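Here are the chains, one letter per residue:
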Amino acid sequence: MQPPPRKVKESQQVKLVFSEQLGKLQGKQHQDSELLEEIRTFSKQRAAIEKEYGQALQRLAVQHQRRDWQRGHTEATASGSVFGVWRSVVDATAQSAASRLAAAEEYRRLIGQVSRSLRNAKDIRAKRGLEGLQRVQGELVDALRELQRFKKSYHQLSHITTVAREKSADAQTRARKSEHGIFHFKTGLQKMTAKLSARLRECDDRLTEARNEYLLALSAVNGHHQHYYTNDLPHIMEQMDGDVYDDLRGHFTLLCGTEMDTCLRTHKQFSTIWDSVAKVTRERNVLQFLQESVSFSKTPEFTFQPAPGDKVSTLQELSASEADVCLVREAKKWATKAAKDYKIITHGERALQTLESRLKLLSGDTCLSVEQKIADVQDSVRKAKLSRLKAEARLTLLSDCVTGIEQWLHNAMTQAEEELERERRLSEQRKSTEDFSEDEFELTDFEDYDDENGDIFADPVSASGVCIYPAACRVIYNYQASQLDELSIIEG
């Protein structure tokens, strides 16, 4: 069995609790002081950072505000001008710099609020409070010591009374047993019993008095102890804290409010720009550029400048015998050219689709090679479109003097469509063979059409202007017959 717990005096227990309370309160006051000092240090460093950041932003904004953008004075929110939006971003940066500098001033103001003198005053209050707490605790400990004295006296008298009661009881027992004994013994026992009984009554009275004093003192100490926890201790803690938590709440409010105000101002400035950024499009800016640039707004028109003395400014046919070899031949030539360019454009667009789909699967040097091929094909297609446009412009002018141009152009385009369809079927057939190279389709097939030296659909005409039939044709690619009604042909 374990020994019974050691009895500890109430005063010792209370002194131990009071010592722990003093240590906890000292630690609390130290933490509060350290928190104030940390807020002061933080505010000092934050003020320096905000000032440096604000000044850097200010220098950056001023540097770019000095740039004289010729088209930077337009309303960004209305026009969506990239120059106006950029100027708005720079101005907003300058305003953000001013906000940061204002925030630095707020942080410096907080440094003044959390000064060392404030911390020193708090330390003084804490010291006084701890001294007062020790004094109050000492009073309570003294009261407990007084209670301990009453308790000790009570227990001593209780012990004495118990002994007296036992002796009195023993004397009475012996007196009852000796009633039939010798007479003088009976008289002595009665005297002793009476004396012990008197002694017992005296002890009982003193015990009752000691017990009452102990109970009264105990009640007083309990009241004192309760008053310590309900009044003295809270009052001293309140005096020690002072207005520190109100001050801390104010400091935190200033810290958060400063940052929130700065961020809200910056958010408001850039939110307006954000709305105008959505209006930035190429169409708006190019239109504005063209409106501001006179050289782009005027479309030049070249006119015929006749030689001195020449009154004619329109197309004219030659003599009747040569009419067919002049304007008519030109009309057929450019109708054929327009059809040829159309065929080149269509074939080039097919090649571009193939190359672009292949480019997605490649990388490295092969990718660069395919990109160069794509650029070459795109340039050829562009030239073909321009050539077709020029041919159609010539045909438009020739249509004023020559009839039948629409029919020639229709026949040439029909033939081109048929040729393109045959080439598409041939290409699919070639792709299905094992020896077909996609790279050959991409370049060789297309280069066959990029030949400016001859007209694919033009009839050969002799120098005298008389057509020779049957007319000779030049084969521009190999073709292997796959049907009974087809012929195999060789390039050239």
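Caption draft 1: Structural view of the overall build of the chain. Scanning the chain from N- to C-terminus turns up 12 helices and 0 strands. Reading the chain from its N end, one meets helices and strands in the order α-α-α-α-α-α-α-α-α-α-α-α. For the chain, the residues scored as buried account for 30% of the 492 residues in total. Residue pairs in contact within the chain that sit at least 24 positions apart in sequence constitute 80% of those at least 6 positions apart.

Caption draft 2: Quick look at the pattern of salt bridges. This structure, assessed with the given rule, holds 26 salt bridges. With its nearest N and O atoms 2.7 Å apart, the salt bridge here joins Lys28 to Asp241. Of this pair, Lys28 sits in helix α1 (residues 10–65) while Asp241 is found in helix α5 (residues 183–241), placing the two residues 213 residues apart along the sequence. Looking at Lys28, the relative accessible area reads 22%, which means it is partly exposed. A salt bridge links Asp341 to Lys337, with the shortest nitrogen-to-oxygen separation between them at 3.5 Å. Note that Asp341 and Lys337 are positioned in helix α9 (residues 327–359) at a spacing of 4 residues, about one turn of the helix.

Caption draft 3: Quick look at the nonpolar core. Phe18, Leu25, Leu133, Leu147, Tyr228 and Met240 are the most contacted members of the largest nonpolar core, which totals 25 residues. Of all elements in the fold, only α1, α4 (116–177) and α5 reach the threshold of two or more residues within this core. The element that contributes the greatest number of residues to this core is α4, accounting for 12 residues. Cys326, Val328, Leu395 and Ile405 belong to the second-largest nonpolar core, a separate cluster that totals 12 residues.

Caption draft 4: Molecular detail of a positive patch on the surface. On the surface, Arg329, Lys333, Lys390 and Arg394 cluster together into a patch of positive charge. Breaking the positive patch down by element, the ones donating at least two residues are α9 and α10 (365–398). Its location among the elements puts Arg394 in helix α10.

Caption draft 5: Broad picture of the environment of Arg119. Tracing the sequence through the fold places Arg119 in helix α4. Residues Arg119 and Val244, 125 residues apart in the sequence, show an inter-C-alpha distance of 9.6 Å. Not counting the four nearest positions on each side in its chain, Arg119 is found in contact with Ser33, Glu34 and Glu37.

Caption draft 6: Representation of the packing of aromatic side chains within the structure. Applying the stated rule across the entire model yields 3 aromatic pairs. With 5.5 Å between their ring centres and 15 degrees between their planes, Tyr154 and Tyr214 make a pair best called stacked. Of this pair, Tyr154 sits in helix α4 while Tyr214 sits in helix α5; the two residues are 60 residues apart in sequence, bridging distant segments of the chain. You can call Tyr214 buried: its relative accessible area is 14%. For the pair Tyr228 and Tyr229, a centre-to-centre distance of 5.0 Å together with 85 degrees between the ring planes defines the contact as edge-to-face. In this structure Tyr228 comes out as buried when scored by relative accessible area, which is 0%. Taking the relative accessible area as the measure of exposure, Tyr229 reaches 34% and is therefore partly exposed. One aromatic cluster is present, built from ring pairs that chain together Phe18, Tyr228 and Tyr229.

Caption draft 7: Representation of empty space enclosed by the protein within the structure. Taken as a whole, this structure holds 1 cavity of 30 Å³ or more when the rule is applied. In terms of lining, the largest cavity is formed by Leu36, Leu118, Lys122, Arg125, Val244 and Asp247. Breaking the lining of the largest cavity down by element, the ones donating at least two residues are α4 and α6 (244–277). Residue contributions to the lining of the largest cavity peak at 3 residues, all from α4. Tallied by class, the residues present in the lining of the largest cavity amount to 3 nonpolar, no polar and 3 charged.

Caption draft 8: Focus on the packing of helix α3 (residues 82–113) against α6. Contact geometry of α3 with α6 gives a least axis separation of 10 Å together with a crossing angle of 175 degrees. Accordingly, the angle class assigned to the pair α3 and α6 is roughly antiparallel. In the contact of α3 with α6, the residues fall into 11 nonpolar, 12 polar and 5 charged.

Caption draft 9: Region of the structure containing a nonpolar patch on the surface. On the surface, Phe289, Leu290 and Phe296 cluster together into a nonpolar patch covering about 260 Å² of accessible area. Along the chain, Leu290 turns up in helix α7 (residues 282–292).

Caption draft 10: Main features of the side chain of Thr262. Mapping Thr262 onto the fold places it in helix α6. Residue classification places Thr262 among the buried residues on the basis of a relative accessible area of 0%. Dropping the residues within four chain positions of it, Thr262 is found in contact with Ser99, Arg100 and Ala103.

Caption draft 11: Quick peek at the environment of Ser313. For Ser313, the location among the structural elements is in the loop between α8 (294–297) and α9. As a C-alpha pair, Ser313 and Thr303 span 10 residues in sequence and 9.9 Å in three-dimensional space.

Caption draft 12: Up close: the packing of α1 against α4. With their axes 10 Å apart at the nearest point, α1 and α4 run at an angle of 175 degrees to one another. When the axis of α1 is compared with that of α4, the two are roughly antiparallel. Tallied by class, residues from the contact of α1 with α4 come to 11 nonpolar, 8 polar and 12 charged.

Caption draft 13: Region of interest: the confidence of the model for the chain. On average, residues of the chain score 81 in pLDDT, and 83% of them reach the 70 mark or higher. Per-element confidence in the chain is highest for α10, whose mean pLDDT is 90, and lowest for helix α12 (residues 438–447), whose mean pLDDT is 48. Considering only residues more than four positions removed or in separate chains, one finds that residues 438–445, a stretch of pLDDT under 50, has 19 contacts. Per-residue pLDDT stays below 50 along residues 448–470; that stretch engages in 38 contacts with residues further than four places along the chain or on separate chains.

So, how was this worked out
- Residues numbered from 1 in each chain as written.
- Predicted model: local features only at pLDDT ≥ 70, side-chain atom pairs only at ≥ 80, totals over all residues.
- Heavy atoms only, no water.
- Helix = DSSP H or I, 4+ residues; strand = E, 2+ residues; numbered from the N terminus.
- Buried < 20%, exposed > 50% of the residue type's maximum accessible area, 1.4 Å probe, protein only.
- Contact = heavy atoms within 4.5 Å.
- Salt bridge = Lys/Arg side-chain N within 4 Å of Asp/Glu carboxyl O.
- Core = buried A, V, L, I, M, F, W, Y, C linked by side-chain atoms within 4.5 Å.
- Patch = residues over 30% accessible without salt bridge, like charges linked within 9 Å, V, L, I, M, F, W, Y side chains within 5 Å.
- Areas by Shrake-Rupley, 256 points an atom, 1.4 Å probe, with all protein chains shown as cover.
- Lys, Arg positive; Asp, Glu negative; His and termini not counted.
- Charge placed at Lys NZ, Arg CZ, Asp CG, Glu CD.
- Phe/Tyr/Trp six-rings, centres within 6.5 Å; stacked < 30°, edge-to-face > 60°.
- 1 Å grid on protein atoms, 1.4 Å probe; cavity = no way out; pocket = protein on both sides within 12 Å on 5 of 7 lines; lining within 4 Å.
- Points joined across faces, edges and corners; volume = space filled by probe spheres on them.
- Nonpolar A, V, L, I, M, F, W, Y, C, P; charged D, E, K, R; others polar.
- Axes fitted to C-alpha atoms, helices over the stretch in contact; angles between N-to-C directions.
- Parallel < 35°, antiparallel > 145°, perpendicular 65-115°, else oblique.
- pLDDT = per-residue confidence, 0-100.

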